[in-house]
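A closer look at the structure
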Amino acid sequence: MKQKVVIIGHGYTSRLGMIRALGMAGYEVIVIVMTWYKRDGKTLDTSKPIDCYSKYVSRYLFNLASDTEGLIGLLLRECVDSNQKVVVIPDSDVSAAAIDMNQDKLSPYFLFPHINKEQGAVVDWMDKTRQKTHASECGLTVAKSWTIHVVGGEYTIPNNLQYPCFPKPLATIVGGKGGLKRCNNEPELREVIAMLVQKKPTIDIMAEEFRNIQTEYAVLGFSDGKDVVIPGILEILSMANGGHFGVAKQGKIMPVQGYEELVEKFKDFVGRIGFVGIFDIDFYKSDGELFFGELNLRYGGSGYAVTASGVNLPEMLVKTLLGQSIESLSKQVTKTLIYCNERMCADDWYGGYIGTVQFKKLLQSANISFIDDRDDEAPRKAFRREKCDMIKNMKRIVKRLLIKR
């Protein structure tokens, strides 16, 4: 009997990376798609996502993205197995928080990422101020920041806050980067706060000193609660726009050589927390210095680049949760490769952010594709069908505009 693993997440490319990593390792994969209502605002969108065409998916289920209580109910109704404890891997901040805050209900039947098996501990570490304080204690460089407490839409801006600044929700679970921007003065800051308050009237906001970013990076890794594996460095070559603002469109994965001191600090940073799971750390270079950005206590969007480079972080997590050794698994990236998230490229092209020539160049330059895989072709075919529909839709829009003229 195969070990069952449930993957929960919002985006199909990130989920697909985990599906393939776990499927190739021999696990049975079940997917819970965190979906949204259709335009009518009442009917759940249950159209088959591209990742669920993968040959490694045995079953897929749907849950409203904002309904965390429903997610826990779905797990208990549909995913319990009397013959084994099923492994659950959340692939987004929302699903990670839902699992973490319901450990008491889930732990009799499931195994999942945790911090010392303490309910709510993962959510506590989603606080960016706590992360930055901890990062500084571990010798990492952090940008200055100020906290703005908003209660029922009312708030006071700290007197010592310096401009320009970049405001964002203090807790990663709030999510959504759309509308966030550099604020050069108080009116601009209040404009962004007003946008955030519309979504959540009571919220803590971190205003971080704005720094000109030369290069953005990330590391994905695995921690067993004590020992930490960081196999390589991800250098972001281009970011997506529009609805995917802040997501890597193209990047480079490379060995840790030249970054050893920084990697050791990152290992110390995660190791002290006691987290058991896959993590993602964003950092960046500004004025020639490397700054800590934030820690995500879940699989990162560029995670499949690590798997395709020979290091299977999801397999490490499953084995560790099952009490098995990961000694035989590869733990280091050995060569530099270019990766490409085809979905981000296609959506940027469809949104008019890049042209057709640039779109093709991005796809052709990649050694690692997140959707295209000769051993698992069905998602690629589904993706191409979706692209054809996008092109047809564009033609219809252009035709309507021409007729109006």
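Our subject is the structure that appears above.
Here is a short report on the structure shown in this document. (Residues numbered from 1 in each chain as written. Predicted model: local features only at pLDDT ≥ 70, side-chain atom pairs only at ≥ 80, totals over all residues. Heavy atoms only, no water.)

Here the bond from Tyr163 into Pro164 is cis, since omega is 0°, no more than 30 degrees from zero. With phi around 55°, Asn116 is a residue other than glycine that occupies positive phi space. Tracing the backbone through its elements, the reader meets Asn116 in the loop between β6 (114-115) and α5 (121-124). Notably, Asp287 is not glycine yet its phi reads approximately 50°, a positive angle. Counting through the fold element by element, Asp287 comes out in the loop between β14 (275-286) and β15 (289-296). (Helix = DSSP H or I, 4+ residues; strand = E, 2+ residues; numbered from the N terminus.)

For the rest of this paragraph, the subject is the environment of Val151. Looking at where Val151 falls in the secondary structure, it is placed in the loop between β7 (145-150) and β8 (165-169). If we ignore the near neighbours within four places in the chain, the residues touching Val151 are Pro201 and Thr202. (Contact = heavy atoms within 4.5 Å.)

Attention shifts here to the environment of Pro201. Examined against the element boundaries, Pro201 turns out to sit in the loop between α7 (186-199) and β9 (203-209). It is 7.0 Å that separates the C-alpha atoms of Pro201 and Val150, two residues lying 51 residues apart in sequence. Among residues more than four places away in sequence, those in contact with Pro201 are Val150, Val151, Gly152 and Gly153.

Turning our eyes to something else, we now look at helix α10 (residues 313-321). Two residues of an α-helix separated by three or four positions point the same way, owing to the 3.6 residues in each turn. A large share of α10 lies buried, amounting to eight of its nine residues. Residues of α10 that are buried include every one of Leu313, Pro314, Glu315, Met316, Leu317, Val318, Lys319 and Leu321, and no others. The opening residue of α10, the one whose side-chain oxygen lies 3.0 Å from the backbone nitrogen of Glu315, is Asn312. Positive backbone phi, at 80°, marks Gly323, one or two positions downstream of α10. (Buried < 20%, exposed > 50% of the residue type's maximum accessible area, 1.4 Å probe, protein only. Polar contact = N/O pair within 3.5 Å; in protein donor to acceptor, adjacent residues only side chain to side chain.)

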